[in-house]
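Listed here are the chains, written in short residue letters.
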Amino acid sequence: MTNDNLQENYSTFAAKYDQLFDDEMYTAWADFVAAQTHPEDLLDLGGGAGRLAVLLAQKGYQVDVLDLSTDMLSLAQQHASTAGVEVNLLQADMREWSDWSKKYPTIVSFADALNYLPTLVDFRAAIRQVADHLTSGGQFLFDVITPHQVNVGYADYYYNNDDDADNIFMWTSYLGEAANSVDHDLKFFVYDDTIDGFKIIREIHHEQTYPLATYQQELRDAGFTDISVSADFGQSAIQETTDRWFFKAVKA
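This one's a predicted model, so the numbers in the text were calculated from it and none came from an experiment. (Residues numbered from 1 in each chain as written. Predicted model: local features only at pLDDT ≥ 70, side-chain atom pairs only at ≥ 80, totals over all residues. Heavy atoms only, no water.)

A. The confidence of the model for the chain, seen in detail. Put simply, the chain has an average pLDDT of 91, and 91% of its residues get 70 or more. Throughout residues 1–11 the model reports pLDDT below 50, and contacts reaching past four residues in sequence, or to other chains, amount to nine contacts. (pLDDT = per-residue confidence, 0-100. Contact = heavy atoms within 4.5 Å.)

See below:
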């Protein structure tokens, strides 16, 4: 496979992966942010294709999007242009972006972005970068999938979509080797005119989560206070069966 073809595959996968999330979830994330803040400078950490950033920009926020993937950031630029809003794009690793000197009153991270960090050391590095880039009293809003979601919700999970010929994919999940981890096997079938058939674009996505007490302790160790946790985009108290925790933490 040539480098050009490899890059084309990554670009195609980014576009297909971007379509997996329900638009209603992005609206709910945007409403969660708006309920906790008011329009001002904001950083979307691991903001991917910029769908949340666009919604927040439409609400009057001045949004910067930080992501490691240049393909995702290209999509973010396309989404922003289509919506007629401006977002600033930063290509960086969320574990180390100390060369970016700007500080924010609010930093957010949703859509499993922090769950893609492979180890607790990586998570620790990321939230300490967040603390370093928040103004005093600034807020960190984020969500993560819970151990219940990993061990129960994703146990023997599979989903096949063949109703739309332009978006045929298979999604199978397996429990990972590490405790509270899961591997998602994603296969997209993309029609190729040159072979009059479908080619497969495949990636394995690893997600890692931790007990609630671990997240709370790591946040305290990073210098955060007033840590609150909720479910259902901030609308409910957490339960044993909660699939996603929503955090609000304040930089001391």
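B. Representation of the side chain of Glu218 within the structure. You can see Glu218 is positioned in helix H7 (residues 212–221). Residues in contact with Glu218, not counting those within four places in the same chain, are Leu120, Phe123, Arg124 and Ile127. (Helix = DSSP H or I, 4+ residues; strand = E, 2+ residues; numbered from the N terminus.)

C. Molecular detail of the packing of helix H3 (residues 51–58) against helix H4 (residues 70–83). Remark: H3 packs on H4, axes separated minimally by 9 Å, with the N-to-C direction vectors making an angle of 30°. On the basis of their axis angle, the class for H3 and H4 is roughly parallel. At the point where H3 passes H4, the crossing takes the right-handed sense. When H3 is examined against H4, the residues Arg51, Val54 and Gln58 are found in contact with a partner set consisting of His79, Ala80 and Ala83. Split into classes, the residues belonging to the contact of H3 with H4 amount to three nonpolar, two polar and one charged. (Axes fitted to C-alpha atoms, helices over the stretch in contact; angles between N-to-C directions. Parallel < 35°, antiparallel > 145°, perpendicular 65-115°, else oblique. Left-handed = near helix turned anticlockwise from the far one by under 90°. Nonpolar A, V, L, I, M, F, W, Y, C, P; charged D, E, K, R; others polar.)

D. Structural detail: the sheet that holds strand E7 (residues 168–175). The strand order E6-E7-E8-E9 describes an open sheet built from four strands, whose pairing is antiparallel. Every interior strand has two partners, whereas the edge strands, strand E6 (158–161) and strand E9 (197–208), have only one. Neighbouring strand axes in the sheet, compared pairwise and without regard to direction, differ in orientation by 10° on average. (Pairing = 2+ DSSP bridges.)

E. Main features of the environment of Phe246. Here Phe246 shows up in strand E11 (residues 244–251). Assessed through its relative accessible area of 2%, Phe246 is described here as buried. Along the chain, Phe246 and Val229 lie 17 residues apart, while their C-alpha atoms are 5.4 Å from each other. (Buried < 20%, exposed > 50% of the residue type's maximum accessible area, 1.4 Å probe, protein only.)

F. Molecular detail of the UniProt feature "domain: Methyltransferase" (unreviewed entry) in the chain. On the UniProt side, "domain: Methyltransferase" (unreviewed entry) is annotated at positions that read residues 43–138 here. Counted over residues 43–138, helix gives 36% and strand 25%. Its end C-alpha atoms are 12 Å apart. (UniProt positions renumbered as here; feature names shortened; annotations may be inferred.)

G. Geometry of the sheet that holds strand E1 (residues 41–45). Reading across from one edge, E3-E2-E1-E4-E5-E11-E10 is the order of the seven strands in this open sheet, with mixed pairing throughout. Here the strands that pair on one side only, and so sit at the sheet edges, are strand E3 (88–91) and strand E10 (224–230). The mean angle between the axes of side-by-side strands here comes to 20°, regardless of whether they run parallel or antiparallel. Inspection of the sheet shows E10 paired to E11 by five bridges, in the antiparallel sense. Of the residues in E11, the one forming a bridge with Thr225 is Val250.

H. The arrangement of the packing of aromatic side chains in detail. Applying the stated criterion across every chain yields a total of 17 aromatic pairs. The interplanar angle of 80° and the centroid separation of 6.0 Å between the aromatic rings of Phe32 and Phe110 together place this pair among those described as edge-to-face. Taken together, the residues span a long stretch of sequence, with Phe32 in helix H2 (residues 23–36) and Phe110 in the loop between strand E4 (104–109) and helix H5 (120–132) at a distance of 78 residues. Comparing Phe32 with Phe110, the two get one shared label, buried. Between Phe169 and Phe188, the ring centres sit 5.6 Å apart and the planes meet at 45°, which makes this aromatic pair tilted. In this pair, Phe169 is assigned in strand E7 and Phe188 in strand E8 (residues 181–192), connecting sequence segments 19 residues apart. The exposure classification of Phe169 matches that of Phe188, with both residues buried. (Phe/Tyr/Trp six-rings, centres within 6.5 Å; stacked < 30°, edge-to-face > 60°.)

I. How the structure looks around a negative patch on the surface. There is a patch of like negative charges on the surface, built from Asp162, Asp163, Asp164 and Asp166. With respect to the secondary-structure elements, Asp166 resides in the loop between E6 and E7. Of the residues examined, Asp166 reaches a relative accessible area of 58% and is grouped as exposed. (Patch = residues over 30% accessible without salt bridge, like charges linked within 9 Å, V, L, I, M, F, W, Y side chains within 5 Å. Areas by Shrake-Rupley, 256 points an atom, 1.4 Å probe, with all protein chains shown as cover. Salt bridge = Lys/Arg side-chain N within 4 Å of Asp/Glu carboxyl O. Lys, Arg positive; Asp, Glu negative; His and termini not counted. Charge placed at Lys NZ, Arg CZ, Asp CG, Glu CD.)

J. Spatial organisation of the nonpolar core. Counting 30 residues, the largest nonpolar core has Met94, Ile107, Leu114, Phe140 and Phe224 as the members making the most contacts within it. At the level of secondary structure, the elements contributing two or more residues to this core comprise E1, E4, H5, strand E5 (134–145), H7 and E11. Considering every element that reaches this core, the biggest residue donor is H5, with five residues. With residues near it in sequence (within four places) discarded, Met94 still touches Leu45, Gly46, Leu66, Ala113, Leu114, Leu117, Ala126 and Gln129. By size, the runner-up hydrophobic cluster in this structure holds 23 residues, among which are Ala30, Ala53, Tyr61 and Val108. (Core = buried A, V, L, I, M, F, W, Y, C linked by side-chain atoms within 4.5 Å.)

K. View of H4. Helix length check: H4, at 14 residues, gives a terminal C-alpha distance of 20 Å against a target of 20 Å (1.5 Å per residue), a fit within 8%. If you check the start of H4, you find a side-chain oxygen 3.3 Å away from the backbone N of Asp71, and it comes from Ser69. Phi turns positive, to about 75°, at Gly84, one or two residues after H4. (Expected span 1.5 Å × (residues − 1). Polar contact = N/O pair within 3.5 Å; in protein donor to acceptor, adjacent residues only side chain to side chain.)

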